[in-house]
Amino acid sequence: MNKFLLVSVVLLGLMSCQNSTKNNKQVTSNTTQEQQDKKPAFDHKAYKMKGMIIAKTTFKTFKTKIAKVSENGGLPAVVDFCHDNAMKITDSIGQAHHVKIKRTSHKLRNPANKPDIDEEAVINEYLKSQQEHKPLEPIVLKDSEGYVHFYAPIKIKPACLSCHGTPGKEIPENIYKMIKEKYPQDQATGFKVGDLRGIWDIKFLDKQS
Ligand code: HEC
């Protein structure tokens, strides 16, 4: 079922991507060869598909591990677990796929996840789309060093509220105290279901020339 869902999502993404390519073609059909050459020389669709699969795998891994930790030690154990392991998990999944996986945000919990200039631009784009009630689509871009990045929105689900909702309301007092102790500069609270929490940045380490 999940596999089916994933395939459907990827197919949907591909379909919408194909539509936009068609439109582009129509627009550029009268353009010169020089303009045609400026088109990106890499396969956007393939990167989008790979990126989506890696982001889903990472999310699923987190979910499975967190469910196990939570069963044994409840929310406090999960906060400890995230504090000690969040980056280790993204790093090890990244290594397996030859990518660098980062989660970043406009409202950070861990200052080490600070966005770079490209990530900031993507976040601002998504915040704008969210304000205008437009869908937030994954984005594939090449950075100034020639690396391809896959960006996708991370949205708040009900399960996130116990650590990213409103302190004292959705976040129990003892949990908020723990979070503040570990992350004195925490800004990642006050979210509602459906809000943009941050983004995935998946950097493909094999350069395309
Ligand atoms: C048990 C508490 C807990 C829950 C539940 C939780 N988070 Fe977090 N979240 C944390 C902690 C702790 C960190 C900091 C991890 C680190 O040190 O890198 C964090 C960091 C993040 C970050 C990285 C950016 C930053 O601010 O440092 C994102 C994105 C994020 N969480 C999204 C989510 C989403 C989406 C959900 C729900 C699916 C969720 N979280 C559920 C505790 C939680």
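Residues numbered from 1 in each chain as written. Predicted model: local features only at pLDDT ≥ 70, side-chain atom pairs only at ≥ 80, totals over all residues. Heavy atoms only, no water.

1. Quick word on the overall build of the protein chain
Looking only at helices and strands, one finds six helices and four strands in the protein chain. If you list the helices and strands of the protein chain from N to C, you get α-α-α-β-α-β-β-α-α-β. Per-residue burial for the protein chain yields a buried fraction of 34% across its 209 residues. Accessible surface for the protein chain amounts to roughly 13100 Å². Of this, 56% is attributable to carbon and sulfur atoms. (Helix = DSSP H or I, 4+ residues; strand = E, 2+ residues; numbered from the N terminus. Buried < 20%, exposed > 50% of the residue type's maximum accessible area, 1.4 Å probe, protein only. Areas by Shrake-Rupley, 256 points an atom, 1.4 Å probe, with all protein chains shown as cover.)

2. Some words on helix α6 (residues 173-182)
Three or more residues of α6 are buried, namely Ile175, Met178 and Ile179. The buried residues of α6 occupy an angular sector of 100° when projected down its axis, which confines them to one face. Turned more than 90 degrees away from the buried face of α6 sit Glu173, Lys177 and Glu181, all of them exposed. At its buried positions, α6 is contacted by α3 (44-97) and α5 (161-164). (Arc of directions from axis to C-beta. Contact = heavy atoms within 4.5 Å.)

3. Things to note about the coordination of the iron atom of the ligand
Among protein atoms, the single one acting as a donor to the iron atom of the ligand is His164 (NE2), 2.2 Å away. Looking at the element boundaries, His164 is found in helix α5. (Donors = N, O, S within 2.8 Å, 3.2 Å for Na, K, Ca; no water.)

4. Some thoughts on a positive patch on the surface
On the surface, Lys56, Lys60, Lys63 and Lys157 cluster together into a patch of positive charge. Mapped onto the elements, Lys157 comes out in the loop between β3 (148-155) and α5. (Patch = residues over 30% accessible without salt bridge, like charges linked within 9 Å, V, L, I, M, F, W, Y side chains within 5 Å. Salt bridge = Lys/Arg side-chain N within 4 Å of Asp/Glu carboxyl O. Lys, Arg positive; Asp, Glu negative; His and termini not counted. Charge placed at Lys NZ, Arg CZ, Asp CG, Glu CD.)

5. Section: the pattern of salt bridges
Throughout the structure, instances matching the rule amount to six salt bridges. Residue Asp186 pairs with Arg109 through a salt bridge whose shortest N-O separation is 2.8 Å. Note that Asp186 is positioned in the loop between α6 and β4 (196-204) and Arg109 in the loop between β1 (99-104) and α4 (117-131), a separation of 77 residues in sequence. One exposure class covers both Asp186 and Arg109, and it is buried. The shortest N-O distance in the salt bridge between Glu132 and Lys134 comes to 2.9 Å. In this structure Glu132 comes out as partly exposed when scored by relative accessible area, which is 40%. A residue is classified by how much of its surface remains accessible, and Lys134, at 48% relative accessible area, is partly exposed.

6. Things to note about the packing of aromatic side chains
In total, this model carries one aromatic pair according to the counting rule given. Taking the centre distance of 4.6 Å and the plane angle of 70° together, the rings of Tyr47 and Phe204 count as edge-to-face. Of the two residues, Tyr47 is situated in helix α3 and Phe204 in strand β4; the sequence distance between them amounts to 157 residues. A relative accessible area of 6% means that Phe204 is categorised as buried. The lysine or arginine in question, Arg103, covers the ring of Phe62, its NZ or CZ lying 4.9 Å from the ring centre. It is Lys107 that lies over the ring of Phe191; its NZ or CZ is 4.8 Å from the centre. (Phe/Tyr/Trp six-rings, centres within 6.5 Å; stacked < 30°, edge-to-face > 60°. Lys NZ or Arg CZ within 6 Å of the ring centre and 35° of its normal.)

7. Let's talk about the confidence of the model for the protein chain
Taken as a whole, the protein chain shows an average pLDDT of 84; of its residues, 79% reach a score of 70 or greater. Here residues 1-37 scores under 50 on pLDDT; set against residues more than four positions off or in separate chains, the count is 14 contacts. (pLDDT = per-residue confidence, 0-100.)

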